[in-house]
Amino acid sequence: MHNYLCWYYVGTINFLSAIIFAYDKHAAIKGRSRVPERTLHFLELLGGVFANILLMYMLRHKNRKFSYWMWTWLVLIGWIIALMSFNN
């Protein structure tokens, strides 16, 4: 049961993170107010990094900005390690 809650949480936070990340891309195209990078990174730290990594390349958004890219990949590595240790 505990394992299912973990995966439910990760799925939900990734869904929310994907919506906000896609909104930021849309806002960038339309010249509207953007989502702060701090907010995007916070959602990644909460677990939404999997969706954001995927969308970085699918939407071609923030994949050239090294500082954003570097922190996102570091968070991804941390989450992979955490999930691997949690499942053992």
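These numbers come from a predicted model, not from an experiment. Per-chain numbering applies: the sequence of each chain, read as written, is numbered from 1 onward. For this predicted model, a pLDDT threshold of at least 70 governs which residues receive local features, and a threshold of 80 or more governs which side-chain atom pairs are given and counted, while totals over whole chains, interfaces and linings are taken from all residues. Excluding hydrogens and water, the side-chain figures rest on all heavy atoms present in the structure.

Novice: With reference to specific residues and values, describe the side chain of N52.
Specialist: Relative to the assigned elements, N52 resides in helix α2 (residues 37-58). Other than its neighbours up to four places away in sequence, N52 contacts S17, A18, F21, L40, E44 and Y68. Each helix is a run of DSSP H or I of at least 4 residues and each strand a run of E of at least 2, with the numbering of both proceeding from the N terminus. Throughout, a contact is declared for two residues whenever any of their heavy atoms are within 4.5 Å.

Novice: Which residues make up the pattern of salt bridges, and what values do they have?
Specialist: Between Lys or Arg on one side and Asp or Glu on the other, a salt bridge is scored when a side-chain nitrogen of the former is within 4 Å of a carboxyl oxygen of the latter. In total, this model carries three salt bridges according to the counting rule given. Across the pair K65 and E37 runs a salt bridge, and its minimum N-O distance is 2.6 Å. Residue K65 is located in the loop between α2 and α3 (66-86), and its partner E37 is located in helix α2; the two are separated by 28 residues in the primary sequence. The classification of residues rests on relative accessible area computed with a 1.4 Å probe and restricted to protein chains. Under 20% of the type maximum is buried, over 50% is exposed, and intermediate values are partly exposed. Among the residues examined, E37 registers a relative accessible area of 22% and is labelled partly exposed.

Novice: An account of the environment of L40 is needed here, citing residue identities and associated values.
Specialist: One can find L40 in helix α2. Its relative accessible area of 0% is what places L40 among the buried residues. Along the primary structure L40 and W69 are separated by 29 residues, whereas in three dimensions their C-alpha atoms are 12 Å apart. Beyond its immediate stretch of four places on either side in the chain, L40 contacts I20, F21, D24, V35, N52, K62 and Y68.

Novice: Tell me about α2, and please be specific about residues and values.
Specialist: For a helix, the expected span equals 1.5 Å multiplied by the number of residues minus one. End to end, α2 covers just 18 Å across 22 residues, shorter than the expected 32 Å (1.5 Å per residue, more than 12% under). Contact partners of the buried residues in α2: α1 (2-30) and α3. Positive phi appears at R60, one or two residues downstream of α2, with a value of about 55 degrees.

Novice: Mind laying out the confidence of the model for the chain, listing which residues take part and the relevant values?
Specialist: Mean pLDDT over the chain stands at 91; residues scoring 70 or higher make up 97%. Put simply, α3 is where the chain has its lowest mean pLDDT, 91, and α2 is where it has its highest, 95. Confidence of the prediction at every residue is given by pLDDT, a number between 0 and 100.

Novice: Go over the nonpolar core with me, naming the residues and quoting the values.
Specialist: Residues enter a nonpolar core if they are buried and are Ala, Val, Leu, Ile, Met, Phe, Trp, Tyr or Cys, with the set joined through side-chain atoms within 4.5 Å. Judged by nonpolar contacts, the single largest core of 16 residues is most densely connected at F21, V49 and W79. For this core, the leading source of residues is α2, giving six residues. Aside from chain neighbours lying at most four places away, what touches W79 is Y9, V10, E44, L45, L46, G47, V49 and F50.

Novice: An account of the side chain of K62 is needed here, citing residue identities and associated values.
Specialist: With respect to the secondary-structure elements, K62 resides in the loop between α2 and α3. Judged by relative accessible area, K62 falls into the buried class, the value being 14%. Any pair of nitrogen or oxygen atoms within 3.5 Å is treated as a polar contact; in protein, a donor-acceptor pairing is required on top of that, and neighbouring residues in sequence qualify only through side-chain atoms on both sides. Among the polar contacts listed, one links the side chain of K62 to the side chain of E37, at a separation of 3.0 Å. In this structure K62 touches D24, R34, E37, L40, M56, Y68 and W69, once residues within four positions along its chain are discounted.

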